[in-house]
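Results of the structural survey
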Amino acid sequence: MTAPLRRTHRVVWTVLALLLPLLLAASLAVRTDSTPINRELHLP
Amino acid sequence: MSVSYQAIFWNRQKKIYDVTIVAGVVLYLAAFAGVGALLHPDATAETLLIRGLGTLALLMLHIILAIGPVCRLDPRFLPLLYNRRHLGVAMFTITLSHGVFSLVQFHSGGDVNPLVSLLSSNQRIDSLTHFPFQQLGFFALIIFFLMAATSHDFWLHTLSPRVWKTLHMGVYIAYALVFAHVCLGALQSELSPILPAILALGLATITTLHLLAARKESAVDRMQLNAAAEGFLDAGAIDSISEKCARVVTLGSERVAIFRYDGKVSAVSNVCRHQNGPLGEGKIVDGCITCPWHGYQYIPETGASPPPFPEKVETYRTRVANGRVWIHPQAHPPGTRIEPAVIA
């Protein structure tokens, strides 16, 4: 009765365990400073 | 467990559970706002609130996702499971607050409906850095809403445990959406290594717990019983079952709980009618098999709940011979009385 739910659960977490670390790595690889230093700006 | 519908049956444990949740939420937000104001004196109150609510919702989601597998691995954590739905609804409320404040902060200043703005202002799905991450959070919020709205036992009975469980497994999709929401949102604007480190630690913890629990369950499913005369299967030594406890065996694709009590042995389906809880991990209390999840009870000989309750589970024939328990794999209709095997 609950075997299909257990199987789905196992498959879902196997897929998430593979995909989410890849997403995290990819998002870290592409991130850039959203407020880069303005080298032309000279504050007193 | 009730014949008539009851809104919420408040008891001392539920009150303690809820007070703990509220206290935790207040303490976390106060600490986040205090530390945030010290570290980032230029940050506005709205920004601190949005981030505080967002991180709190993420933390609560991790706790919710950890409770299930932790209880599968160690029954001592079961009290956390009893009222997990309260934690889920609290998490939805926090997530909704995060969403509403964000909508007001970032999408209510123009002449377009804020929801339309949320769904249409950013369409850069070709870029990870500029991905419309807010929409991911919005879709996760819809799933959390469906779960919170159907969290009551009324919906459990109306939809049936199987449909309800399937619907609530949507939390895994929501977790993936929230994870992507943070990776493509906050992580792109925050260069501090702390947030990605916490996110990675949370992911590693949750996936490890779920995969360990799944492996444990797989071992039970793969268990093969030896056949004997008249179709009975060897379910192990009687001494391996503690008094008023059970041994769970798998017959085909069904799990059966074999209980030992008062010099007798009875077997019933392992699946509680309430939320598919594992009856075999419960105990016999006051003469009734008691589900470890929410306390639903069944009489061992009949598989029926004591009157006036209507729940019933399948029963199985058992024998005890030469110090071993034998079980017949043929399930009898829910509520069928089967004489228990007597331990000589």
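Heads up: these notes are all about the structure in this document. None of the values given here were measured: they were computed from a predicted structure.

1. Side note on the sheet that holds strand 7 (residues 288-290) of chain B
Backbone hydrogen bonds are what pair the strands of a sheet, in a parallel or an antiparallel way. Residue and element names in this part refer to chain B. Here three strands make up an open sheet; going across it, the order is 6-7-8 and the pairing antiparallel. One side of each edge strand has no neighbouring strand; the edge strands of this open sheet are strand 6 (283-285) and strand 8 (297-298). When strand 7 meets strand 8, the two strands line up antiparallel, connected through two bridges. By the bridge assignment, Ile289 is partnered in strand 8 with Tyr298.

2. Re the nonpolar core
All names here are of chain B. In terms of nonpolar packing, the biggest core is built from 67 residues, with Met60, Phe144 and Phe179 touching the most fellow members. Residue contributions to this core reach at least three from each of two domains, namely domain 1 (12-220) and domain 2 (229-342). Aside from chain neighbours lying at most four places away, what touches Met60 is Ile21, Val25, Leu87, Ala90, Met91 and Ile94. Ala235, Val256, Ile327 and Ala341 belong to the second-largest nonpolar core, a separate cluster that totals 15 residues.

3. Overview of the interface of chain A and chain B
Every contact between the two is made by 26 residues of chain A and, on the other side, 39 residues of chain B. Both faces combined, the contact of chain A with chain B buries some 2800 Å², and carbon together with sulfur accounts for 70% of it. Taken together, the links from chain A to chain B amount to zero salt bridges. One can count nine residue pairs in polar contact (both at pLDDT 80 or more) joining chain A with chain B. Of the residues assigned to the side of chain A that touches chain B, the class counts are 15 nonpolar, seven polar and four charged.

4. So, the sheet that holds strand 1 (residues 226-227) of chain B
Residues and elements named next belong to chain B. Taken in spatial order, the four strands of this open sheet run 1-2-11-10, and their pairing is antiparallel. The strands lining the two open edges of the sheet, one partner per strand, are strand 1 and strand 10 (318-321). Relative to strand 11 (residues 324-327), strand 2 (residues 233-237) runs antiparallel, the two sharing three bridges. Pairing of Leu233 across the sheet is with Ile327, part of strand 11.

5. A look at the pairing of strand 2 of chain B
Residues and elements named next belong to chain B. The element strand 2 is extensively covered by neighbouring structure, given that four of its five residues are classed as buried. Bridge count for strand 1 against strand 2 is two bridges, and the pairing is antiparallel. What sits directly across from Asn226, in strand 2, is Asp234.

About the cut-offs
- Residues numbered from 1 in each chain as written.
- Chains lettered and ligands numbered in written order.
- Predicted model: local features only at pLDDT ≥ 70, side-chain atom pairs only at ≥ 80, totals over all residues.
- Heavy atoms only, no water.
- Pairing = 2+ DSSP bridges.
- Helix = DSSP H or I, 4+ residues; strand = E, 2+ residues; numbered from the N terminus.
- Core = buried A, V, L, I, M, F, W, Y, C linked by side-chain atoms within 4.5 Å.
- Buried < 20%, exposed > 50% of the residue type's maximum accessible area, 1.4 Å probe, protein only.
- Domains from an automatic or database assignment.
- Contact = heavy atoms within 4.5 Å.
- Buried area = accessible area lost by both parts, 1.4 Å probe.
- Salt bridge = Lys/Arg side-chain N within 4 Å of Asp/Glu carboxyl O.
- Polar contact = N/O pair within 3.5 Å; in protein donor to acceptor, adjacent residues only side chain to side chain.
- Nonpolar A, V, L, I, M, F, W, Y, C, P; charged D, E, K, R; others polar.

So, to be careful, I would describe these as geometric facts and stop short of saying anything about function.
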